[in-house]
Amino acid sequence: MNPRQRELAARIAGRRGAVRGPFRVWLHSPEMCERAESLGAFARFDCSLPKHLRELTLLMAARNWDAQYSWNAHVRQAVEAGIPEAAVAAIAEKREAVFEDEADQAFYQFCREVLEEHFVTDATFARALAHFGPRGLVDTIGALGNFTMLGMCLNTFQVELQADREPPFPDVRGYGRITPSDAASTA
C-alpha cells in the first residue's frame, strides 16, 4: 500500500476494528474509500434513525442485492438491536415481513417500495413521513444508497463470505442465483 492507503487503512481499522470486506476493495481508490467510509459511518452510526432501523435498512439493502457478506456481518446486530427474528427470516426468504410496531412497519414498507418498486406511493410516503419527518426519510434514502453501493461492491469483487458463516439466502450460492431444482441437486 502507498502512504495514503496505509493512512486510510489505519483510520478504518481504528473505527471499525479491522479493514474487512468492502474496504479492502475500496482502498484501491483512496479517495473513493475515504468518501464511502465517511458516508457508511454516518449511515451506520450517526444518522437520525434509531439503531434497529439503521440495521433493518442494511439488511433490506443487502437482501435486495443478495450481498451475503453484508447480511452475515449484520444479521446478529439487527436482532440484538430489536429487529424480530421472524422479520429477519422473512426478509432473507423474500417474504413480506410484519412488525408489531406501527413506525417499524411504516419504515419497512417505505424501504421495500424504494428497493423493489423504485418509487414510493403517496400513502406510504405520508405514513413514513408522519413517523420520521423529512430528515428521517432523507437519512433513510442515504442509508439505502450507501448499503446498495456496499452490496454492489461486495458482489462485483466477489468478497468471500466470513469463514465461520453459512450462506444466508436460499436462492443464492457463491455469486449467482440458484433455482429450486439447483438447490435440490446440491442437497
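Residues numbered from 1 in each chain as written. Predicted model: local features only at pLDDT ≥ 70, side-chain atom pairs only at ≥ 80, totals over all residues. Heavy atoms only, no water.

By the naming in an unreviewed UniProt entry, the protein goes by Carboxymuconolactone decarboxylase family protein and is assigned to Streptomyces sp. 900105755.

Student: Please clarify how helix H5 (residues 68–81) should be interpreted in this entry.
Tutor: Each turn of an α-helix holds 3.6 residues, which means side chains three or four residues apart point in the same direction. Here H5 spans 20 Å end to end across 14 residues, near enough to the 20 Å set by a 1.5 Å rise per residue. Within H5, the axis deviates most sharply at His74, by approximately 40 degrees. In this structure, the buried residues of H5 make contact with helix H2 (21–26), helix H3 (30–46), helix H4 (51–64), helix H6 (85–92), helix H8 (122–156) and strand E1 (172–173). At the C-terminal side of H5, Gly82 shows a positive phi close to 120 degrees. (Helix = DSSP H or I, 4+ residues; strand = E, 2+ residues; numbered from the N terminus. Expected span 1.5 Å × (residues − 1). Bend = angle between axes of the 7 residues up to and from the residue. Contact = heavy atoms within 4.5 Å.)

Student: I tried to follow the packing of H4 against H5 on my own but got confused; where do I start?
Tutor: Helices that pack against each other are described as a pair by the angle of their axes relative to one another and the distance between those axes. In contact at an axis separation of 9 Å, H4 and H5 are set at 150 degrees when each is read in the N-to-C sense. As the angle between them shows, H4 and H5 are arranged roughly antiparallel. Once H4 is placed against H5, the crossing between them reads as left-handed. Taken together, the residues of H5 that come into contact with H4 (itself represented by Lys51, His52, Glu55, Leu58, Leu59, Ala62 and Arg63) are Ser70, Trp71, His74, Val75, Gln77, Ala78 and Ala81. Partitioned by chemical class, the residues of the contact of H4 with H5 number seven nonpolar, four polar and three charged. (Axes fitted to C-alpha atoms, helices over the stretch in contact; angles between N-to-C directions. Parallel < 35°, antiparallel > 145°, perpendicular 65-115°, else oblique. Left-handed = near helix turned anticlockwise from the far one by under 90°. Nonpolar A, V, L, I, M, F, W, Y, C, P; charged D, E, K, R; others polar.)

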